[in-house]
Amino acid sequence: MVDFNVETRENSHVNVVNLHGYLDAHTAPELEDVFTKLIDDRKFKVVVNFENLAYISSAGLGVFMAYVETMRENNGDIKFSNMSPKIYNIFDLLGFPLLYEFYKDEKEAVQKFNEKS
Amino acid sequence: MKTANNIFEKELVVKSTTDNLALIRDFTKSAAQKCGFTEETIDKIALAVDEACTNVIKHAYKFSPEGDIIVNINVNHSKMTVSITDHGSNFDPSLVPEPDVKKYYRQHKIGGLGIYLMRKLMDEVNFNSVAGSKNQVVLVKYF
């Protein structure tokens, strides 16, 4: 059973992280590894595409909290796109909309980065 | 909301490893489905139970894989009660402050989100701890 999968690609000089499956305390370390590599490669502009994510727990949300400041300190950010209402509700319960930008689709989130630069 | 017309009790005992979280969620969802909860409520209960068990693995057993997590589900005419018991280190949830995402951002702090989520997702969340013996989290959802 593939319970979680994460892949990265570039879209107009922005790094897109695609999430698939179930993101919990078991699978969150895989996502941490991806963010660590992005920082090592000095890739600070990140859009996380949630289209294929079925589930998230606070262990998954914690990953975004742990890495966002490094991205912002380096003129980047972590922006979210394609989130289902079910997943958005969890982010909303924890107050994430105060500190993170959410976009309906990936293109819009990528454009937002390119507007600024 | 359809009222459950069946009364039942189920128990799952698993080792304290994160790869068991999916199994624990499936066990919880299948019981919640039998109660007639909506899909949305079933997802909330499964997430709350995941958060409770994640806390047990991280805090009570400190990632040691040898501990037991006992998930007991009891359904009666009015509610579904999920009790999560462990025999790890004592844990005082009253010491966990309500998270403030802005403050977390400034302090680079993560964690503490699970208990807050559990309280938001369930109707009741109670912690019982017997020093040197067991910790128990009791999650309740009314029909």
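Described below are features of the structure shown in this document.

## Quick notes on the overall build of chain A
Step number 1: When you go through chain A residue by residue, the secondary structure sums to four helices and five strands.
Step number 2: Helices and strands appear in chain A in the N-to-C order β-β-α-β-α-β-α-β-α.
Step number 3: Relative to a compact globule of 117 residues, whose C-alpha radius of gyration would be 13 Å, chain A shows 13 Å and is just as compact.
Step number 4: Taken over the C-alpha atoms alone, chain A extends approximately 40 × 25 × 20 Å along its principal axes.
Step number 5: In chain A, buried positions account for 52% of the 117 residues.
Step number 6: Here the analysis covers contacts within chain A between residues at least 6 apart in sequence; of these, 68% occur between residues at least 24 apart.
Step number 7: In the form shown here, chain A has an accessible surface area of approximately 5500 Å², with 46% of it arising from carbon and sulfur atoms.
Step number 8: The averaged location of the 19 negative side-chain charges in chain A is 7 Å from the averaged location of its 12 positive side-chain charges.

## A few points about the interface of chain B and chain A
Step number 1: Taken together, the 24 residues of chain B in the interface contact 23 residues of chain A.
Step number 2: When chain B packs against chain A, close to 2200 Å² is buried across both sides, 70% of that on carbon and sulfur atoms.
Step number 3: Inspection of the chain B/chain A interface yields two salt bridges.
Step number 4: A salt bridge links B:Asp43 to A:Lys86; the shortest N-O distance between them is 3.5 Å.
Step number 5: Put simply, chain B and chain A have six residue pairs in polar contact (both at pLDDT 80 or more) between them.
Step number 6: Looking at the side of chain B that touches chain A element by element, the count peaks at seven residues for helix H2 (residues 39-60) of chain B.
Step number 7: Of the residues in the side of chain B that touches chain A, the class split is 11 nonpolar, four polar and nine charged.

## Some remarks on the pairing of strand S2 (residues 14-23) of chain A
Residues and elements named next belong to chain A.
Step number 1: When you tally the buried positions in S2, you get eight out of 10 residues, the bulk of the element.
Step number 2: In the sheet, strand S1 (residues 4-11) pairs with S2 via eight bridges, with the strands oriented antiparallel. Note that in S2 the partner of Glu10 across the bridge is Asn15.
Step number 3: Note on the crossover from S2 through helix H1 (residues 28-40) to strand S3 (residues 45-56): the handedness is right-handed.

Rules behind the numbers
Residues numbered from 1 in each chain as written. Chains lettered and ligands numbered in written order. Predicted model: local features only at pLDDT ≥ 70, side-chain atom pairs only at ≥ 80, totals over all residues. Heavy atoms only, no water. Helix = DSSP H or I, 4+ residues; strand = E, 2+ residues; numbered from the N terminus. Rg over C-alpha atoms; globule rule 2.2 N^0.38 Å. Buried < 20%, exposed > 50% of the residue type's maximum accessible area, 1.4 Å probe, protein only. Contact = heavy atoms within 4.5 Å. Areas by Shrake-Rupley, 256 points an atom, 1.4 Å probe, with all protein chains shown as cover. Lys, Arg positive; Asp, Glu negative; His and termini not counted. Charge placed at Lys NZ, Arg CZ, Asp CG, Glu CD. Buried area = accessible area lost by both parts, 1.4 Å probe. Salt bridge = Lys/Arg side-chain N within 4 Å of Asp/Glu carboxyl O. Polar contact = N/O pair within 3.5 Å; in protein donor to acceptor, adjacent residues only side chain to side chain. Nonpolar A, V, L, I, M, F, W, Y, C, P; charged D, E, K, R; others polar. Pairing = 2+ DSSP bridges. Right-handed = clockwise from strand over helix to strand, strands pointing away.

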